[in-house]
Amino acid sequence: MLHLYAGNAIVAKIRAIFGKRLTAADYAQMARKRDVGEVAALLKENSSYALTLKNVSETTVHRGQLEELLKKDIFYKYTVLRNYDSSDSRFYDFILVRLEIDEILRCLMLMRSHESTDFVIDMPTFLLNHASFDLMELARVTDYPSLLECLAHTPYAAVLKACLAENGEDVDPWTVEHALYCYYYSFLLGEIESQFRGQTREQLKKVVLAEIEAKNIQLMFRLKFYYKLDAGQIKRFLYPYHYRLKASRLDEVLEAESYDEMLTALDFLSKNGERIPEEDGIEPYTHRLCYQLEKRLLRFTTNAPVAMYTFLALREIEVQNIVTVIEGVRYQVPQEEILKMLIL
């Protein structure tokens, strides 16, 4: 585990990096740009992104290339911070496990649409030497047997086999995604429980459970109002963990007949029990709740694992904000509308 001197060093380093984060004024300036190249040029002036983007040509860069470089930057910062720990704890693999799951799901999506050859086009090349399976072999997958063969030596194979045993090869993508993320959360919370004690354990559990709950709330709204599933069907796709949304309150939310009633049932999430503003949208609202919690923990924690986890979560939000700005600029969305969509 991180020794005291290493822990102090990692917290100090993380706070130094986080101190260079983009501000509301930076986003406003980005949202005024005319194209992706101008956004990239502005980001190159920020010391936190200058090294990653130093070889980017503002005249030829496209959205996909810039997004991959920004995600690569997160992974690079993760590997640098990971080197401070000399233990064999798998907790610090959390970001790698999540990236691997995302690639498996992307492979499945392309496989179902018979477009498997497109996998390599958007492959995150920075993962090639770090993934627990061969990404190039994953790119050649065309069916479930070849997928299981590719993942044979990983925990993901057992998860997929269980899905196939229960549903057959026509298993729907939601079921697979749910099963893989159940594995991820079980792995993450299990590592937290076994590797940490006291305040470190409690803070990590708090932030992870808050993130899971945000995902569950988003799922409830999406499945109820876009896919018209009933309460029993929705419960199948929720992750079996709770933070503030206990079982009795969950039933009340799921039994609500309208969007407005669901928002009212969730008013305990808002400050002073005020009603959640409908214009915010439930997904941005829950993302902001997590953002505020992660920012608060990073500001006050003295525990290196907590600092590392929250910093990487906040960095991912920042990259998603940048992607949102880029998309808005590409499609000439007014500046004020772009800024409303950011998680700040």
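Residues numbered from 1 in each chain as written. Predicted model: local features only at pLDDT ≥ 70, side-chain atom pairs only at ≥ 80, totals over all residues. Heavy atoms only, no water.

### Let's talk about the nonpolar core
Selection rule: Nonpolar cores are built from buried Ala, Val, Leu, Ile, Met, Phe, Trp, Tyr and Cys residues. Side-chain atoms within 4.5 Å join them into one set. Buried means the residue's accessible area, taken with a 1.4 Å probe over protein chains only, is under 20% of the maximum for its type, while exposed means over 50%, and partly exposed covers the values in between. Note on conventions: DSSP H or I runs of at least 4 residues are helices, E runs of at least 2 residues are strands, and numbering of each starts at the N terminus. Whether two residues touch is decided by their heavy atoms; if any such pair falls within 4.5 Å, the residues are in contact.
Counting 123 residues, the largest nonpolar core has Tyr184 and Met220 as the members making the most contacts within it. Counting residues per element, this core draws most heavily on helix 16 (residues 304-330), at 15 residues. Setting aside residues up to four positions removed in sequence, methionine 220 forms contacts with Ile234, Leu238, Leu245, Leu250, Val253, Leu254 and Met262.

### Some points on the environment of aspartate 93
Here aspartate 93 shows up in the loop between helix 5 (63-82) and helix 6 (94-112). In the structure, aspartate 93 is positioned 61 residues away from threonine 154 in sequence and 14 Å away in space, judged by C-alpha atoms. Sequence-distant contacts of aspartate 93, that is, excluding residues within four places in its chain, are made with Tyr78 and Arg82.

### With respect to the packing of aromatic side chains
Operational definition: Here the aromatic set is Phe, Tyr and Trp, taking the six-membered ring for Trp, and pairing holds for ring centres within 6.5 Å; pairs whose planes are under 30 degrees apart are stacked, those over 60 apart are edge-to-face, and all others are tilted. Think of it as a cone above the ring: NZ of Lys or CZ of Arg counts as a charge over the ring if it is within 6 Å of the ring centre and within 35 degrees of the ring normal.
Enumeration over the complete set of coordinates arrives at 20 aromatic pairs. Here tyrosine 181 and tyrosine 185 contribute two aromatic rings whose centre-to-centre distance is 6.0 Å and whose plane-to-plane angle is 45°, an arrangement assigned as tilted. With tyrosine 181 and tyrosine 185 both in helix 10 (residues 173-195), this residue pair falls 4 residues apart, about one helical turn. The burial state of tyrosine 181 is the same as that of tyrosine 185; both residues are buried. Feature note: the residues Phe75, Tyr78, Phe91, Tyr92, Phe94, Phe126, Phe196 and Tyr309 constitute an aromatic cluster, connected by ring pairs. The ring of phenylalanine 119 carries the charged tip of arginine 106 above its face, separated from the ring centre by 4.1 Å. Over the face of the ring belonging to tyrosine 181 we find lysine 215, whose NZ or CZ atom lies 3.6 Å from the ring centre.

### Some thoughts on the packing of helix 6 against helix 10
Selection rule: To obtain an axis, a line is fitted to C-alpha atoms, over the contacting stretch when the element is a helix, and the angle between two such axes runs from 0 to 180 degrees between their N-to-C directions. Reported orientations rely on four angle classes, namely roughly parallel under 35 degrees, roughly antiparallel over 145, roughly perpendicular from 65 to 115, and oblique for the rest. Polarity classes work like this: nonpolar for Ala, Val, Leu, Ile, Met, Phe, Trp, Tyr, Cys and Pro, charged for Asp, Glu, Lys and Arg, and polar for all others, with Gly in that last group.
Contact geometry of helix 6 with helix 10 gives a least axis separation of 11 Å together with a crossing angle of 170°. By the angle between their axes, helix 6 is roughly antiparallel relative to helix 10. Residue-level inspection shows Phe94, Val97, Arg98, Ile101, Asp102, Ile104, Leu105, Leu108 and Arg112 of helix 6 in contact with helix 10, the latter providing Pro173, Val176, Glu177, Leu180, Tyr181, Tyr183, Tyr184, Phe187 and Leu188. Residue composition of the contact of helix 6 with helix 10, grouped by class: 14 nonpolar, no polar and 4 charged.

### A short note on helix 3 (residues 36-44)
Selection rule: Definition of a polar contact: a pair of N or O atoms within 3.5 Å, with one able to donate and the other able to accept a hydrogen when the atoms are protein atoms, and with sequence-neighbouring residues admitted only if both atoms are side-chain atoms.
Those residues of helix 3 that fall on the buried side of the exposure criterion are Val36, Gly37, Val39, Ala40, Leu42 and Leu43. Contacts from the buried residues of helix 3 go to helix 2 (24-31), helix 4 (50-53), helix 5 and helix 16. Taking the backbone nitrogen of glycine 37 as reference, a side-chain oxygen 3.1 Å away marks aspartate 35 as the first, capping residue of helix 3.

### Notes on the environment of lysine 246
Relative to the elements of secondary structure, lysine 246 occurs in the loop between helix 12 (231-236) and helix 13 (247-255). On the basis of relative accessible area, lysine 246 is assigned to the partly exposed category, the value being 45%. Reaching out from lysine 246, the side chain makes a polar contact with the backbone oxygen of tyrosine 243 at a distance of 2.8 Å.

### Some points on unusual backbone geometry
Apart from glycine, the bulk of residues carry a negative phi angle, and the bulk of peptide bonds sit in the trans form. For lysine 228, which is not a glycine, the phi torsion comes out positive at approximately 60°. On the secondary structure map, lysine 228 appears in the loop between helix 11 (198-225) and helix 12. The class of lysine 228 is exposed, set by a relative accessible area of 64%. The backbone phi angle of glutamine 332 is positive, close to 55°, even though this residue is not glycine. Its location among the elements puts glutamine 332 in the loop between helix 16 and helix 17 (335-340). Looking at glutamine 332, the relative accessible area reads 72%, which means it is exposed.

### What about the pattern of salt bridges?
Any two side chains of opposite charge can pair, so long as their charged atoms come close to each other. Threshold: We count a salt bridge whenever a side-chain nitrogen from Lys or Arg sits within 4 Å of a carboxyl oxygen from Asp or Glu.
With the rule as written, the count across this model stands at 18 salt bridges. Between glutamate 283 and arginine 222 there is a salt bridge, and its shortest N-O distance comes to 2.7 Å. Residue glutamate 283 is located in helix 15 (residues 282-300), and its partner arginine 222 is located in helix 11; the two are separated by 61 residues in the primary sequence. For glutamate 283, a relative accessible area of 29% corresponds to the partly exposed category. One salt-bridge network, held together by shared partners, links Arg63, Glu67, Lys71, Glu327 and Arg330.

### Observations regarding a negative patch on the surface
Inclusion rule: Residues enter patches when their relative accessible area tops 30% and they take part in no salt bridge; the joining distance is 9 Å for like charges and 5 Å for the nonpolar side chains Val, Leu, Ile, Met, Phe, Trp and Tyr. Shrake-Rupley sampling with a 1.4 Å probe provides the accessible areas, and residues are treated as covered by the protein chains on show and by no other component. Counting rule applied: Lys, Arg positive; Asp, Glu negative; His and chain ends not counted. Taken as the charge location is NZ of Lys, CZ of Arg, CG of Asp or CD of Glu.
Together, Asp143, Glu169, Asp170 and Asp172 line one region of the surface with negative charge. Checked against the element boundaries, aspartate 170 lands in the loop between helix 9 (155-167) and helix 10. Using a relative accessible area of 61% as the deciding quantity, one classes aspartate 170 as exposed.

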